[in-house]
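Observations on the three-dimensional arrangement
Each chain is listed here by its residues.
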Amino acid sequence: MTNELVDFTLVSVALLAIGIYGLAVKRNFIRMLFAVEIIINAANLNLVAFGRFLPHSGGQTLALFSIAIAAAEVAVGLSLIIVAYRMYQNVDIADFRSLRG
Amino acid sequence: MADAAFLALTVITIGSSIAALEMRSLIYGSIALMGTLGGIAGFFFLLDAPFVALFQLAVYVGSIAVLILFTVMLVKRELIFKKIEDKRRKFAGIGLMLVIMVSLGAVFLDSGIKTITTDESPVDFRDIGIDFVTYYWPALILMGLILAGSVTGALILARREDVENDQRIS
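Residues numbered from 1 in each chain as written. Chains lettered and ligands numbered in written order. Predicted model: local features only at pLDDT ≥ 70, side-chain atom pairs only at ≥ 80, totals over all residues.

**Description of the overall build of chain A**
Inclusion rule: Only DSSP runs of H or I with at least four residues qualify as helices, and only runs of E with at least two residues qualify as strands; both kinds are numbered from the N terminus onward. The globule rule used for comparison is 2.2 Å times the number of residues to the exponent 0.38, while the radius of gyration itself is calculated over C-alpha atoms. Exposed residues have 12 or fewer other C-beta atoms within 10 Å of their own C-beta, buried residues have 20 or more, and residues in between are partly exposed; the C-beta atoms are placed from the backbone. We call two residues in contact when the distance between their C-beta atoms, placed using the backbone, is within 7 Å.
For chain A, the count of helices and strands is three helices and zero strands. Put simply, chain A runs from its N terminus to its C terminus through helices and strands in the order α-α-α. For chain A, the C-alpha radius of gyration of 17 Å lies well beyond 13 Å, the compact-globule estimate for 101 residues. Taking the principal axes of the C-alpha coordinates as reference, chain A spans close to 50 × 25 × 25 Å. In chain A, which comprises 101 residues, the proportion classed as buried is 57%. In chain A, the share of contacts with a sequence separation of at least 24, taken over all contacts with a separation of at least 6, comes to 42%.

**Notes on the environment of Ser30 of chain B**
All names here are of chain B. In this structure, Ser30 sits in helix H2 (residues 26-46). Note: C-alpha distance between Ser30 and Leu69 (39 residues apart in sequence) is 6.1 Å. Those residues in contact with Ser30 that sit more than four places away from it in its chain are Ala65, Ile68, Leu69 and Val72.

**A few points about helix H7 (residues 137-158) of chain B**
Where we set the bar: Given the number of residues in a helix, its expected span is that number minus one, multiplied by 1.5 Å.
Across its 22 residues, H7 of chain B extends 32 Å between first and last C-alpha, which sits within 8% of the 32 Å expected from 1.5 Å per residue. Taken across its 22 residues, H7 of chain B has one buried, putting it largely on the surface.

**Thoughts on the domain arrangement of chain B**
Formally: What counts as a domain boundary in this text is fixed by an automatic or database domain assignment.
As assigned here, chain B comprises domain 1 (1-91) and domain 2 (124-160). Placing a centre on the C-alpha atoms of domain 1 of chain B and another on those of domain 2 of chain B gives a separation of 24 Å.

**Section: the nonpolar core**
Cut-off, in case you're wondering: Any set of buried Ala, Val, Leu, Ile, Met, Phe, Trp, Tyr and Cys residues joined through C-beta atoms within 7 Å is what this text calls a nonpolar core.
Judged by nonpolar contacts, the single largest core of 60 residues is most densely connected at Val48 of chain A together with Phe44 of chain B. Take this core: its biggest share by element is 15 residues, from helix H2 (residues 29-53) of chain A.

**As for unusual backbone geometry**
A cis amide bond links Leu54 of chain A to the next residue, Pro55 of chain A, at an omega of -25°. Look at Gln89 of chain A: it is not a glycine, yet its phi comes out positive at around 55°. On the secondary structure map, Gln89 of chain A appears in the segment after helix H3 (58-88). The phi dihedral of Asp48 of chain B is positive, around 55°, even though this residue is not glycine. The residue Asp48 of chain B is located in the loop between H2 and helix H3 (50-74) in this model. Under the C-beta neighbour-count criterion, Asp48 of chain B is labelled partly exposed, with 19 such atoms within 10 Å.

**Some details on the confidence of the model for chain B**
Here is the rule we go by: Each residue carries a pLDDT score, the predictor's confidence in it, ranging from 0 to 100.
Per-residue pLDDT for chain B has a mean of 87; in total, 94% of the residues score no lower than 70. Across chain B, element-level confidence peaks in helix H1 (residues 4-22) of chain B with a mean pLDDT of 94 and bottoms out in helix H8 (residues 165-169) of chain B with 57.

**Brief notes about the interface of chain B and chain A**
The partner chain A presents 64 residues to the 75 residues of chain B that form the contact. Those elements giving two or more residues to the side of chain B that touches chain A turn out to be H1, H2, H3, helix H5 (87-110), helix H6 (125-133) and H7 of chain B. Here the element with the most residues in the side of chain B that touches chain A is H3 of chain B; it accounts for 13 residues.

**Thoughts on the packing of H2 of chain A against H2 of chain B**
Filter applied, for reference: In this description, a line fitted to the C-alpha atoms serves as the axis of each element, helices being fitted only across the stretch in contact, and the angle between N-to-C directions of two axes falls anywhere from 0 to 180 degrees. Here the angle decides the label: under 35 degrees means roughly parallel, over 145 means roughly antiparallel, 65 to 115 means roughly perpendicular, and every other value means oblique. Gly is put with the polar residues, along with every residue not named as nonpolar or charged; the nonpolar set is Ala, Val, Leu, Ile, Met, Phe, Trp, Tyr, Cys and Pro, and the charged set is Asp, Glu, Lys and Arg.
Direction vectors running N to C along H2 of chain A and H2 of chain B enclose 5°, while the axes themselves pass 10 Å from each other. Relative to H2 of chain B, H2 of chain A is oriented roughly parallel. Contact residues: H2 of chain A offers Ile30, Arg31, Phe34, Glu37, Ile38, Asn41, Asn44, Leu45 and Val48 of chain A, while H2 of chain B offers Leu26, Gly29, Leu33, Thr36, Leu37, Ile40, Phe43 and Phe44 of chain B. Among the residues making up the contact of H2 of chain A with H2 of chain B, the classes are represented as 11 nonpolar, four polar and two charged.

Dropping the structure here:
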């Protein structure tokens, strides 16, 4: 293979950093969900890259599990967004005060 | 050394992930997120994992991104184009991003994974299927139950109880 493992790992680190930036800076609920998706994809990329270079089928299997669970997470996250939007008519998380202690 | 396809996919993936977070319109942002997810699928093709790549295209680009796009369309028009963030927090976030990138990148470049290369043939997708029905079968059943439970939970959460049936028709 012409591409090395460290190349894929560096791309994954960049995606993780961008995702953490999104979670830290954005106050829009939907954009925070985008950031979570980017982080999950960085993890999946690492799983498949290590599975290819070791080589072991476990990496791809775990990536498939991860993709399926992420689908479930997005479904619940989006329904929470819809409920919160219906209650507050806003997507700013600073306005969601019900769970604040 | 990385090849041209890898570099192109890197530019597409990282560029569209930044665009997904930074574009003013949420609709264009979710389309840019589709680009990120598609770029990751391209990386899976480069890693000789076509089964995972097609799964990624079907589940992420095909369903999750479209679901997000439809949710964005439910939001009020002025909220779609409104950017909600603090300026000071943004600079701190950029600093945090750079610190994570540089420190984790330096750790990876300094570690032993730089020497890992492979000439072995890729994993056959039949092995993944065999893994699923032999070693991982309890996890597979659990995953199915979690998916069914989460979709049912999402439907119950998003259900409106204040609207009567006759109002829904009109």
